[in-house]
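Notes for the structure review
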Amino acid sequence: MLCSPWRSDFPALAILEAQGQTYLDSAATAQKPQALIESLTGYYTSGTANVHRAQHQAAERATRAFENARLKVAHWLNARSPTEILFTHGATEALNLLAYGLEHLLQPDDEIVISALEHHANLLPWQQLAQRRGAKLVVLPLDKDGLIDLESASRLIGSRTRLLAVSQLSNVLGAWQPLTPLLSLAKTQGALTIVDGAQGVVHGRHDMQALACDFYVFSGHKLYGPEGVGVLYGRDESLLKLKHWQFGGEMVRIAEYQHAEFHAAPLGFEAGTPAIGAVIGLGATLDYLSRQDATAVAAHEQKLHSQLLSGLSAYSGLRLLGKPTIALACFTIDGVHHGDLAHLLTEQGIAVRSGSHCAQPLMKTLGIDGAIRVSLGLYNDGGDLQRFFSAMDRALELLQ
Ligand SMILES: Cc1ncc(COP(=O)(O)O)c(C=O)c1O
């Protein structure tokens with residue numbers, strides 16, 4: 001049976017297991033390693049202080065730890081400099097920041113290109129921006145495997161395209177999107193490129209210099225880190241194009257009653273008190289992840305992926321959405337409502353997600369109103385899968 005050497009690093013797993021719970025919803029949010037818990041406890045017990053303001057020792061310590069976390073994120077993403085890392089409260093806020101910060105670049109009839117598989121977080125900010133500016137939202141269709149269709153993209157990304165915003169890895173279809181050709185199509189047209197890395201960042205390391213997008217966003221909580229912190233990576237020269245969007249303390253250089261001048265990125269885009277503990281905790285989580293053998297983690301996740309898919313293939317009437325390449329699967333079963341199945345799985349202690357997964361337009365495109373999603377993290381093991389499949393068998397016996 002497949003074991004996870006990382007399981008014991010996540011204390012919640014043992015507690016959940018003792019309560020008869022099996023956690024298979026990591027794409028929604030991941031459980032947290034002890035290293036993060038210790039970092040948060042350390043920060044909150046050693047005396048909190050606000051960052052970038054006071055001169056006292058606690059403030060200096062907090063500012064140092066905060067800026068050190070920025071360095072760790074920059075290193076994790078292979079950014080050229082920590083000035084390319086902005087802290088937000090999550091991927092959603094980072095995408096909204098971009099939609100407001102880039103608004104001034106759009107004229108009526110300009111085009112913003114997204115894809116048919118986007119999470120609401122990477123659809124609605126662009127839809128609303130298009131409406132504010134009289135611009136057009138262009139949606140790239142998917143091919144039969146659930147990948148953004150490159151042939152259509154080469155027709156639809158054109159001289160009116162100002163922005164391309166696409167997911168690296170779909171939270172529904174679980175497949176890596178063809179980012180390199182998409183980004184190069186957009187670049188050829190002089191468009192800015194935005195990558196939603198909320199799911200992609202969890203699987204492997206991604207080199208921003210190699211990816212060469214203008215902006216990349218993710219949330220800490222899906223990457224085994226804390227809630228309330230997200231990252232907006234932007235190339236230094238791309239960040240210069242952003243207009244400030246939230247105003248208040250610390251983002252301002254000179255404030256007068258009728259006039260103000262603002263800091264450049266990153267500080268100019270971190271108005272107010274940031275989530276200091278969460279930022280420091282994200283740094284500690286990256287330290288923890290950096291200490292793990294990345295090849296072993298990837299191999300473990302691949303085993304989870306193949307055991308999950310081969311187990312699911314045994315069910316008659318099961319329709320898998322797309323062709324997942326990570327340990328995530330969304331599916332429907334003929335004649336069974338996803339809500340009923342999720343209910344019976346929940347009753348047996350299996351935590352999966354059911355519904356539209358914040359991708360209502362994608363569900364409509366696929367001709368369904370929802371699906372079950374099973375998503376695993378590095379701490380899941382063969383026992384979790386065995387409990388899931390036994391629960392599926394019992395639930396389907398009742399429902400079919
Ligand atoms: C692909 C994708 N993008 C964006 C988000 C939004 O992340 P958050 O809710 O942490 O801001 C999610 C969350 O599920 C996601 O899966």
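The model shown is predicted, which means the values in this text are computed figures rather than measured ones. (Residues numbered from 1 in each chain as written. Predicted model: local features only at pLDDT ≥ 70, side-chain atom pairs only at ≥ 80, totals over all residues. Heavy atoms only, no water.)

When helices and strands are counted, the protein shows 14 helices and 15 strands. Taken over the C-alpha trace, the protein has a radius of gyration of 22 Å; the compact-globule value for 400 residues is 21 Å, and the two agree within 12%. Once the C-alpha set of the protein is aligned to its principal axes, its extents read approximately 70 × 55 × 35 Å. Scored against the burial criterion, the 400 residues of the protein give a buried share of 54%. (Helix = DSSP H or I, 4+ residues; strand = E, 2+ residues; numbered from the N terminus. Rg over C-alpha atoms; globule rule 2.2 N^0.38 Å. Buried < 20%, exposed > 50% of the residue type's maximum accessible area, 1.4 Å probe, protein only.)

In this section: the domain arrangement of the protein. Here the domain parsing of the protein yields domain 1 (7-24 + 293-399) and domain 2 (37-290). Measuring from the centre of the C-alpha atoms in domain 1 to the corresponding centre in domain 2 gives 28 Å. Taken together, the 24 residues of domain 1 in the interface contact 19 residues of domain 2. In this assembly, domain 1 packs against domain 2 so that about 1,900 Å² is buried in total across both faces, 61% of it on carbon and sulfur atoms. In this assembly, domain 1 and domain 2 are joined by 1 salt bridge. Between D145 and K323 there is a salt bridge, with the nearest N and O atoms lying 3.3 Å from each other. At the surface where domain 1 touches domain 2, the tally comes to 11 residue pairs in polar contact (both at pLDDT 80 or more). For the side of domain 1 that touches domain 2, the secondary structure elements donating two or more residues are strand 12 (328-333) and helix 13 (360-365). Per element, the largest residue contribution to the side of domain 1 that touches domain 2 is 4 residues, and it comes from helix 13. (Domains from an automatic or database assignment. Contact = heavy atoms within 4.5 Å. Buried area = accessible area lost by both parts, 1.4 Å probe. Salt bridge = Lys/Arg side-chain N within 4 Å of Asp/Glu carboxyl O. Polar contact = N/O pair within 3.5 Å; in protein donor to acceptor, adjacent residues only side chain to side chain.)

Next up on the list: the UniProt feature "domain: Aminotransferase class V" (unreviewed entry) in the protein. Under the UniProt annotation, the feature "domain: Aminotransferase class V" (unreviewed entry) is placed at residues 22-388. Each end of residues 22-388 is marked by a C-alpha atom, and these two atoms are 8 Å apart; helix forms 37% of the span and strand 17%. (UniProt positions renumbered as here; feature names shortened; annotations may be inferred.)

The subject of this paragraph is the site of the ligand. Taken together, A91, T92, H119, A121, N171, D196, A198, Q199, S219, H221 and K222 make up the full set of residues adjacent to the ligand. T92 places a side-chain nitrogen or oxygen 2.6 Å from an oxygen atom of the ligand. Here the ligand loses 86% of its free accessible area of 390 Å² to cover by the protein chains. Split into classes, the residues belonging to the shell around the ligand amount to 3 nonpolar, 6 polar and 2 charged. (Near = heavy atom within 4 Å. Areas by Shrake-Rupley, 256 points an atom, 1.4 Å probe, with all protein chains shown as cover. Nonpolar A, V, L, I, M, F, W, Y, C, P; charged D, E, K, R; others polar.)

Bringing the pattern of salt bridges into the picture now. As enumerated under the stated definition, the model contains 21 salt bridges in all. Here D287 makes a salt bridge to K72, at a shortest N to O gap of 2.8 Å. Taken together, the positions of D287 in helix 10 (residues 276-291) and K72 in helix 3 (residues 57-76) put the pair 215 residues apart, joining distant regions of the chain. The partly exposed category is assigned to D287, whose relative accessible area is 29%. By relative accessible area, which is 25% here, K72 ends up partly exposed. Between R80 and E84 there is a salt bridge, and its shortest N-O distance comes to 2.8 Å.

For the rest of this paragraph, the subject is unusual backbone geometry. Across the junction of A265 and P266, the peptide omega takes the value 0°, indicating a cis bond. Its location among the elements puts P266 in the loop between strand 10 (260-262) and helix 10. Phi is positive for N78, close to 50°, though the residue is something other than glycine. On the secondary structure map, N78 appears in the loop between helix 3 and strand 2 (85-88). We classify N78 as partly exposed; its relative accessible area is 32%. One non-glycine residue with positive phi stands out, namely Y224, at about 65°. Tracing the backbone shows Y224 in the loop between strand 7 (215-219) and strand 8 (230-234). Looking at Y224, the relative accessible area reads 3%, which means it is buried.

Let us look at the packing of aromatic side chains. Taken as a whole and judged by the stated rule, the model has 11 aromatic pairs. Ring geometry for Y315 and F389: centres 6.3 Å apart, planes at 25°, overall stacked. Of this pair, Y315 sits in the loop between helix 11 (294-312) and strand 11 (318-320) while F389 sits in helix 14 (residues 382-399), and the two are 74 residues apart along the sequence. The buried category is assigned to F389, whose relative accessible area is 15%. Ring-pair connections join several aromatic residues into one group, and the members of that group are F10, Y224, Y288 and Y379. (Phe/Tyr/Trp six-rings, centres within 6.5 Å; stacked < 30°, edge-to-face > 60°.)

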